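Take a look at the letters that make up each chain.
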Amino acid sequence: AQIVRDARDHGVVVRPIDVNHSAWDCTLEDDDLCVASPRHDAGLALRLGLRQITGFRESWAGLIAAARPIRSLEDLARAGLPTAALKLLADADACASLGLGRRHAGWEVLRTPP
């Protein structure tokens, strides 16, 4: 969190972890909303990787990548992610592209069949 805060303080656009966009490692993405300035690299944003979620496994990240595009938590369960992985994703607020906030995603995990 401290490194992310420092990056933002230095003009780096930092995007959150997301099941439809994050790789295992952090990556650079095009950012059409960026405006070139001395404090910001033109057109780039840092996407946080799934490895930033404590307890998340690299093999689960591979299952997510293979299942994209993901439209629901059920898609992730069908891809082979265990309930523990779904809970970690919900707790990390990584389901925004599914239209789910942290709390709602947590409830959806409870409803998702194993």
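What you see is a predicted model, and the numbers here were worked out from it, not measured in a lab.

S.K.: For the nonpolar core, give the residues involved together with the corresponding values.
M.R.: Formed by 27 residues in total, the largest nonpolar core has its most connected members in Leu50, Phe56 and Leu89. Where this core is concerned, the elements lending two or more residues are helix H2 (58-67), helix H3 (73-78), helix H4 (83-91) and helix H5 (102-111). Tallying contributions element by element places H4 first for this core, with four residues. The contact partners of leucine 50, leaving out residues within four places of it in the chain, are Ile17, Ser22, Ala23, Trp24, Phe56, Ala61, Ile64 and Leu89.

S.K.: Residues and numbers for the environment of isoleucine 64, please.
M.R.: If you trace the backbone, isoleucine 64 turns up in helix H2. Residue classification places isoleucine 64 among the buried positions, given a relative accessible area of 0%. If near-sequence neighbours (up to four positions away) are discounted, isoleucine 64 is found in contact with Val19, Leu50, Phe56, Ile70, Leu76, Leu81 and Leu89.

S.K.: Hey, could you go over the pairing of strand E3 (residues 44-47) for me, with residue numbers and the actual values?
M.R.: Here E3 shows one buried face, formed by Ala45 and Arg47, and one open face, formed by Leu44 and Leu46. Here four bridges tie strand E2 (residues 27-30) to E3, and the two strands are oriented antiparallel to one another. Bridge pairing links aspartate 30 to leucine 44 in E3.

S.K.: Before we move on, can you summarise the sheet that holds E2 with the specific residues and values?
M.R.: Overall, mixed pairing links the three strands, which are arranged E1-E3-E2 in an open sheet. Strands at the two margins of the open sheet, each flanked by one partner only, are strand E1 (14-15) and E2.

S.K.: Go over the packing of H4 against H5 with me, naming the residues and quoting the values.
M.R.: Contact geometry of H4 with H5 gives a least axis separation of 8 Å together with a crossing angle of 165°. On the basis of their axis angle, the class for H4 and H5 is roughly antiparallel. Seen along the crossing, H4 lies across H5 with a hand that is left-handed. Facing H4, whose interface residues are Thr83, Leu86, Lys87, Ala90 and Asp91, H5 presents Arg102, Ala105, Gly106 and Val109. Of the residues belonging to the contact of H4 with H5, the class tally is four nonpolar, two polar and three charged.

Analysis parameters
Residues numbered from 1 in each chain as written. Predicted model: local features only at pLDDT ≥ 70, side-chain atom pairs only at ≥ 80, totals over all residues. Heavy atoms only, no water. Core = buried A, V, L, I, M, F, W, Y, C linked by side-chain atoms within 4.5 Å. Buried < 20%, exposed > 50% of the residue type's maximum accessible area, 1.4 Å probe, protein only. Helix = DSSP H or I, 4+ residues; strand = E, 2+ residues; numbered from the N terminus. Contact = heavy atoms within 4.5 Å. Pairing = 2+ DSSP bridges. Axes fitted to C-alpha atoms, helices over the stretch in contact; angles between N-to-C directions. Parallel < 35°, antiparallel > 145°, perpendicular 65-115°, else oblique. Left-handed = near helix turned anticlockwise from the far one by under 90°. Nonpolar A, V, L, I, M, F, W, Y, C, P; charged D, E, K, R; others polar.

Just distances and angles here, no functional claims.
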